[in-house]
Amino acid sequence: MTDKVRVRFAPSPTGYLHVGGARTALYNYLFAKHFGGKFILRIEDTDQARSTEESLKMLIEDLLWLGLKWDEGVDPKTLKDVGEFGPYKQSERLAIYKTVADEIIKAGLAYYCFMTDAEIDKQKELFKAQGKPPHIQSPYASMPLAEALIKIKGGEKAVVRFRTSSLKKDYVFKDLIRGEVKFPSDMVGDFVLLRSDGMPVYNFCCVVDDYKMGMTHILRAEEHLSNTLRQLMIYEAMKWKPPEFGHLSLVLDEDRQKLSKRKGATSCHEFKLEGYLPEALKNFIALLGWSHPEGKEVMSMEEMIKNFSTSRVNPAGAVFDSVKLKWMNAQHLRALPHKDLWNELLPFIKTPLSGDQKTFSEGGWADKALTALKPSFETLVEGAEAFKVFSEEMKFADEAEEVFKWPTTKSVFEAWYNALSLPKWGTYLLEEEFLEIQKKIQTESKVKGKELFQALRVAVIGKPHGTELKLLVPLMKLENLKHRAKLACERV
RNA sequence: GUCCCCAUCGUCUAGAGGCCUAGGACAUUACCCUUUCACGGUAAAUACCGGGGUUCGAAUCCCCGUGGGGACGCCA
């Protein structure tokens, strides 16, 4: 086993990656890369009712989109194992768990339990009524192993339970994020290691895998904090040295509840569809519980890796603020070189663009269009919306109604239309040509100020507010401008 | 119910006993830039959950409350 840092992200594949899970994955990734260690993806699919290959593919898709590539785990395409500690899917490691369970049974630290669900429920209710903790007290705890084996040979189903009754002490460990945490051993009852169908249970396979896969540090969500006691007991039973643990706080919604699917977007997939950049999502999620030593907020992955430390991870729960995420996205969007921004934006633009518009070149159409429109959108979806002005039919906004009422508007619209109809223009109007027309309308119609500018804008984009016209107009095809001007004339 | 974790502006946070008259960011408001909007700039407003200790001195350490969260599964 190596001294190098080895950490893992161990999701159970039940659908797209949730932002809470994404943060756990990200912190593990940052931690691994910070120390030059390995980031491993392990698939916890022992709950066969919920785990499907379809879900696994969705999960992998999100992880890759985020750019959190793992060094060991499954191949994204074939789902075959990559790395020397495999298999990495728990459903393929059943024999390993069985061997370890047998060892614990042989040592007398676990036993076969034949209790039925009904018996368990009855006992729990009884204990609860007596104000006792609802811990199972199995009558089979004292059954000799040979006897239990005979029952099993006879076809009876049994779970394997870990024996906690003989352990009477506190379990203490130093959490990387929370400091010393102490659990009394009677906090838990005899818990299940192996289900009656032979499938291992989370707390058991987690320990076996973390140990066998050589994990040095476990960074996981707080909901697992109390599970650590059971896991520590298993490490002790096997005389294995436990890794170091760090428990991350939960990501909460606006009501300070654990983030759930019911309220807004919670999966990375949704943010991808809404036009968020993975770099922005990662940056934002990283800040949900971690901070840069100098308080820097907008960061690249390199900066996060360089500065990541569990000592700067906050133990308190963090509310997911989608407004700030949007701001963060805008920051990353605007910092992107136009060529890259254009490549990101293009798949979101559904309206037709001509060939000269689509192809990016320095100082070309797309470059200029981004300069003009970039400050007005914060997501790629909003960006695509902004680009509709170049190809989609114009709709007049409600705010335009007031402009239509001005007595001067009709003459502005007509002057604009007439100017555009002159035969001397090319496919596009140049900025100087537009300014010239504007000037001409002003002097000839004697309209100025907002009566002129807002009316012109309504004739161009259907709204009195928006991008500076001298930037926008030269990007619009003359025929489009003419068409729109005509529509405007028809309205008054 | 039992055990565990957590607690600084509305939100994310800085803060390791004196640098705190509590700093930054998002959001909010005002102003500036701009014949519009957005971007950008400047400024304002807003927080140490409560009570006890310890100390010359507490946001920071300890205790007790309170509040929030988590766990108590043949889920993970």
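Definitions and limits used
- Throughout, residues of each chain are indexed from 1 in the direction in which the sequence is written.
- Working convention: letters from A go to chains and numbers from 1 go to ligands, in the order in which they are written.
- In keeping with the predicted nature of the model, local features appear solely for residues at pLDDT of at least 70, side-chain atom pairs appear and are counted solely at 80 or more, and the whole-chain, interface and lining totals rest on all residues.
- Excluded from the side-chain calculations are hydrogens and water; all other atoms, namely the structure's heavy atoms, are used.
- Exposure is judged per residue with a 1.4 Å probe applied to protein chains only, and the accessible area is read against the type maximum: over 50% gives exposed, under 20% gives buried, and values in between give partly exposed.
- For helices the rule is a DSSP run of H or I covering at least 4 residues; for strands it is a run of E covering at least 2, with both sets numbered from the N terminus onward.
- Any two strands with at least two DSSP-identified bridges between them are counted as paired.
- By convention, a crossover is right-handed whenever its connection, traced from the first strand over the helix to the second and viewed with the strands pointing away, goes clockwise.
- The criterion used for residue contact is that any of the two residues' heavy atoms lie within 4.5 Å.
- In the analysis that follows, any N or O atom pair within 3.5 Å is treated as a polar contact, provided that within protein one partner can donate a hydrogen and the other can accept it, and provided that, for residues neighboring in sequence, both atoms belong to side chains.
- By convention a nonpolar core is built from buried Ala, Val, Leu, Ile, Met, Phe, Trp, Tyr and Cys residues, the set being connected through side-chain atoms within 4.5 Å.

A.B. asks: Could you clarify how one ought to interpret the pairing of strand 10 (residues 217–221) in this entry?
C.D. replies: Here is the key point about a regular strand: its side chains alternate between the two faces of the sheet. Burial within strand 10 is extensive, with 5 of its 5 residues counted as buried. Judged from the 5 bridges that link them, strand 10 and strand 11 (residues 244–248) form a sheet pairing that is parallel. If you follow leucine 219 over to strand 11, its bridge partner there is glycine 246. Remark: the strand 10/helix 7 (residues 227–237)/strand 11 crossover connection has right-handed handedness.

A.B. asks: Would you explain the environment of serine 391 in this entry?
C.D. replies: Mapped onto the elements of the fold, serine 391 is located in the loop between helix 15 (380–387) and helix 16 (400–405). What makes serine 391 partly exposed here is its relative accessible area of 28%. Along the backbone, serine 391 and leucine 353 are 38 residues apart, and their C-alpha atoms lie at a distance of 6.9 Å. Ignoring sequence-local partners within four residues, the contact set of serine 391 consists of Thr351, Pro352 and Asn480. Side-chain polar atoms of serine 391 contact the side chain of threonine 351, separated by 3.3 Å. Looking at serine 391, its side chain comes within polar contact range of the main-chain oxygen of proline 352, at 3.3 Å.

A.B. asks: Please explain the nonpolar core as it appears in this structure.
C.D. replies: As a rule of thumb, soluble globular proteins bury nonpolar side chains together. Residues Trp342, Phe387, Phe390, Trp416 and Leu429 are the most contacted members of the largest nonpolar core, which totals 103 residues. In terms of residue count, helix 1 (residues 19–34) provides more of this core than any other element does, 9 residues in total. Setting aside anything within four residues of it in sequence, one finds phenylalanine 390 in contact with Trp365, Ala369, Leu373, Leu472, Leu475, Met476 and Asn480.

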